[in-house]
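Single-letter residue listing:
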Amino acid sequence: MLFSGSLGAFRDRLANRKQHYRLVLSLINKFSKEKKMEKIKICCTGFSRRGKDLAKCAHADSDFEITAVCDLDEIRKKEAAGMLGEKVHFYTDYNEMLKKEKPDAVTIATPQYNHRDLAIRAFENKIHVYCEKPLAMNLAQCDEMISASEKAGCVFIVGQQMRYHFHLHKAWNIIAGGEIGKPAMIWLKEFRGPFRVSPEHMWIFDQEKSGGMLVEKSCHHFDLFNWFAGSRPVSVYASAGLDGLDNVKNFKCTINDNAWVIVNYENGARAMLGLCMFLGKPDRAEGTIGFHRREIGVAGEKGILHTEGYLPAGNIEIHYADSHNLIRYELKKEGTIPNKFNQEGNKGIFMDFAECIREKKKPFASGEIGRMALAVSLAAEKSCAEKRIVQIDEL
Ligand SMILES: NC(=O)c1ccc[n+]([C@@H]2O[C@H](COP(=O)([O-])OP(=O)(O)OC[C@H]3O[C@@H](n4cnc5c(N)ncnc54)[C@H](O)[C@@H]3O)[C@@H](O)[C@H]2O)c1
């Protein structure tokens, strides 16, 4: 009796406790769900080709809610409403948008000659920034942007989305795991069609406005070199020319359209880029896809890693130096667990942006990463112009 009474009381106490725990648990769940449901209010600046890509990503990501779009061109108003719905506000004045919308975050997809001003204005208003690559026109502007983000305590992520491509992230993991030994030689070949030709986009063919092909395009390539080499770039030698684009739709083209570039790293690694941008019709025009080839390789003392293609599901091959063995990772078969490094780069970078805002972390594509990629780009352009080896420390 005594025994069963104690057991009963114990059971009642347990039941009470369980009820209590359940209540606490449901409150925690409710609270965390509500917290999770709180959307990051984001405004999109620049709504042309790249701005629309970014808006699509933010729109599809449940962490974000786009409240407004800003573009100097009124024509974008209709396009924004078509893509994002009529309730998204439209501005032609960035400052007015920041003032009225008070967003948590902005995307900046305007030409690089105004990235600095737009980003700094956002940081002054304690707004997190996703800024497109190339980060700015020079390293002093990058430094100003980085220190403004630090002062504001805001996330600063740069559109170096190649870092989030599934197959490139996988390649980096293989390299970092020591499978091919220390990277000694890295190469990247991209042979493709020219930049898009359209009236609002002609700034890209103007060396003064875009910084040149090795700034506009190759900040992606050099970021990859910096990442895979795992070291600081020290010097650059480049040779470039203008062989196919000389007169783009009656506009005097002042950028180069093909180049070879060699980058030397502090740890002894060296990387080489071959870029050709005069093949086929302008970017993404029908028929250019056959020319749009990107090939990446890394050689270490134990073997060579090789990958080809744009898609996140490209294959990776490893040839071992001592055994003539070949391993092929067929990434399509690996399945996709949704995380920021397991899909297409644009989605992954937005996942990182949201995560960093919520958890107050530094992004994988940080301001410093964008700055270092730009440093190699600027050195490469200087080397082409002055026909000599350029030290990164000169910049
Ligand atoms: N990460 C990538 O892979 C990638 C790809 C393409 C372009 N980009 C970069 O994105 C940026 C934009 O490229 P794009 O091809 O869309 O250029 P674009 O010239 O087609 O579009 C720029 C848009 O910005 C608007 N704009 C300019 N100044 C503005 C301002 N002060 N306020 C509001 N709107 C303004 C213009 O009206 C235009 O609609 C460039 O820096 C480019 O290098 C990055």
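By convention here, each chain's residues receive numbers from 1 onward along its written sequence. Local features in this predicted model are restricted to residues whose pLDDT is 70 or higher, and side-chain atom pairs enter the listing and the counts only when it is 80 or higher, whereas totals over whole chains, interfaces and linings include all residues. Heavy atoms from the whole structure form the basis of all side-chain values; hydrogens and water molecules are not counted.

We define proximity as follows: a residue is near a molecule or strand when any one of its heavy atoms falls within 4 Å of that partner. Around the ligand, the surrounding shell holds 26 residues, and the nearest of these are Ser48, Asp71, Arg196, Trp203 and Glu216. Contacts to the ligand include Thr110, whose backbone N or O atom sits 3.1 Å from an oxygen atom. Pairs of N or O atoms are called polar contacts if they sit within 3.5 Å, as long as, within protein, a hydrogen donor faces a hydrogen acceptor (for residues adjacent in sequence, only side-chain-to-side-chain pairs). Here an oxygen atom of the ligand sits 3.3 Å away from a polar atom, N or O, in the main chain of Glu200. With residues, only the protein chains shown are counted as cover, and all accessible areas are computed by Shrake-Rupley using a 1.4 Å probe. With the chains in place, 89% of the 860 Å² that the ligand exposes on its own is no longer accessible. Classes in brief: Ala, Val, Leu, Ile, Met, Phe, Trp, Tyr, Cys and Pro nonpolar; Asp, Glu, Lys and Arg charged; the others, Gly included, polar. By residue class, the composition of the shell around the ligand is six nonpolar, eleven polar and nine charged. Where each domain begins and ends is defined by an automated method or by a domain database. Looking at the shell around the ligand, you find at least three residues from each of domain 1 (40–161) and domain 2 (165–342 + 365–394).

So, on to the sheet that holds strand S3 (residues 89–91). Two strands pair if DSSP finds at least two bridges between them. Secondary structure counts use DSSP, requiring at least four H or I residues in a row for a helix and at least two E residues in a row for a strand, with both numbered from the N terminus. On the basis of which strands lie adjacent, the open sheet formed by six strands has the order S3-S2-S1-S4-S5-S6 and parallel pairing. With partners counted over all chains shown, the strands left at the sheet margins are S3 and strand S6 (156–158), one partner each. Adjacent strand axes in the sheet meet at a mean angle of 25°, parallel and antiparallel pairs treated alike. Sheet analysis places strand S1 (residues 40–45) next to strand S4 (residues 105–108), joined by four bridges and oriented parallel. Bridged to Ile42 within S4 is Ala105. Comment: axis = line fitted to C-alpha atoms, over the contacting stretch for helices; angle = value between 0 and 180 degrees taken between N-to-C directions.

So, about the sheet that holds strand S13 (residues 293–300). Across the sheet, nine strands lie side by side as S16-S15-S14-S13-S7-S12-S11-S8-S17; this open sheet has mixed pairing. Looking at which strands have only one partner, the edges of the open sheet turn out to be strand S16 (326–329) and strand S17 (390–391). Here seven bridges tie strand S7 (residues 185–191) to strand S12 (residues 270–276), and the two strands are oriented parallel to one another. Looking at S12, one finds that Glu190 is bridged to Leu275. Contacts: residue pairs with any heavy atoms within 4.5 Å of one another. The sheet strands contacting helix H10 (residues 219–229) are S7, strand S8 (233–241), strand S11 (258–265), S12 and S13, and the helix crosses S7 at an angle near 160°.

Another point: the side chain of Lys133. With respect to the secondary-structure elements, Lys133 resides in the loop between strand S5 (128–131) and helix H6 (139–152). Among the polar contacts listed, one links the side chain of Lys133 to the backbone oxygen of Glu216, at a separation of 2.8 Å. Those residues in contact with Lys133, other than ones at most four positions away along the chain, are His115, Val158, Gly159, Gln160, Glu216, Cys219 and His220.

Any Phe, Tyr or Trp ring, taking Trp's six-membered ring, that has another such ring centre within 6.5 Å forms a pair; planes under 30 degrees apart are called stacked, those over 60 apart edge-to-face, and the others tilted. Under the criterion given, the structure shown has 14 aromatic pairs. Consider the rings of Phe195 and Phe205, whose centres lie 6.3 Å apart with planes at 70°: the pair is edge-to-face. Residue Phe195 is found in the loop between S7 and helix H8 (207–210), and its partner Phe205 is found in the loop between S7 and H8; the two are separated by ten residues along the sequence. Judged by its relative accessible area of 7%, Phe195 is buried. The buried label goes to any residue with under 20% of its type's maximum accessible area, the exposed label to any with over 50%, and the partly exposed label to all in between, with areas taken from a 1.4 Å probe on protein chains only. The class of Phe205 is buried, set by a relative accessible area of 0%. With a centroid separation of 5.8 Å and an interplanar angle of 75°, the aromatic rings of Trp227 and Phe364 are classed as edge-to-face. You can see Trp227 sitting in helix H10 and its partner Phe364 sitting in the loop between helix H11 (345–359) and helix H12 (367–386), a full 137 residues away along the chain. Judged by its relative accessible area of 22%, Phe364 falls in the partly exposed class. Here the aromatic residues Tyr164, Trp172, Trp227, Phe228 and Phe364 are joined through ring pairs into a cluster of three or more.

So, on to the packing of helix H7 (residues 166–176) against H10. In contact at an axis separation of 10 Å, H7 and H10 are set at 30° when each is read in the N-to-C sense. The pairing of H7 with H10 is recorded here as roughly parallel in orientation. In this structure, H7 uses Leu168, His169, Ala171, Trp172 and Ile175 to contact H10, whose residues at the interface are Leu224, Trp227 and Phe228. Taken together, the residues of the contact of H7 with H10 break down into seven nonpolar, one polar and no charged. Geometric relationships in this document are graded by angle, where less than 35 degrees denotes roughly parallel, more than 145 denotes roughly antiparallel, 65 to 115 denotes roughly perpendicular, and other angles denote oblique.

A few words on H7. Among all positions of H7, only Phe166, His167, Leu168, His169, Ala171, Ile174 and Ile175 are buried. On its buried face, H7 sits against H10, S13, strand S14 (303–308), strand S15 (316–320) and S16.

It is worth spelling out the pairing of S4 at this point. Alternating residues of S4 divide into Ala105 and Thr107 and Val106 and Ile108, and every residue in both groups is buried. Bridging between S4 and S5 involves four bridges; their strand directions are parallel. Among the inter-strand pairings, Thr107 is bridged to a residue of S5, identified as Tyr130. In this fold, the crossover linking S4 to S5 by way of helix H5 (residues 115–124) has right-handed handedness. Clockwise travel from the first strand over the helix to the second, with the strands pointing away from the viewer, marks a crossover as right-handed.

When helix H4 (residues 94–101) is considered as a whole, its buried residues turn out to be Tyr94, Met97, Leu98 and Glu101. The buried residues of H4 all sit within an arc of 95° when viewed along its axis, so they share a single face. Projecting away from the buried face of H4 at angles above 90 degrees are the exposed residues Lys99 and Lys100. One side-chain oxygen of the residue at the start of H4 lies 2.9 Å from the amide nitrogen of Asn95, identifying that residue as Asp93. Along the arc lie the directions from the helix axis toward the C-beta atoms.

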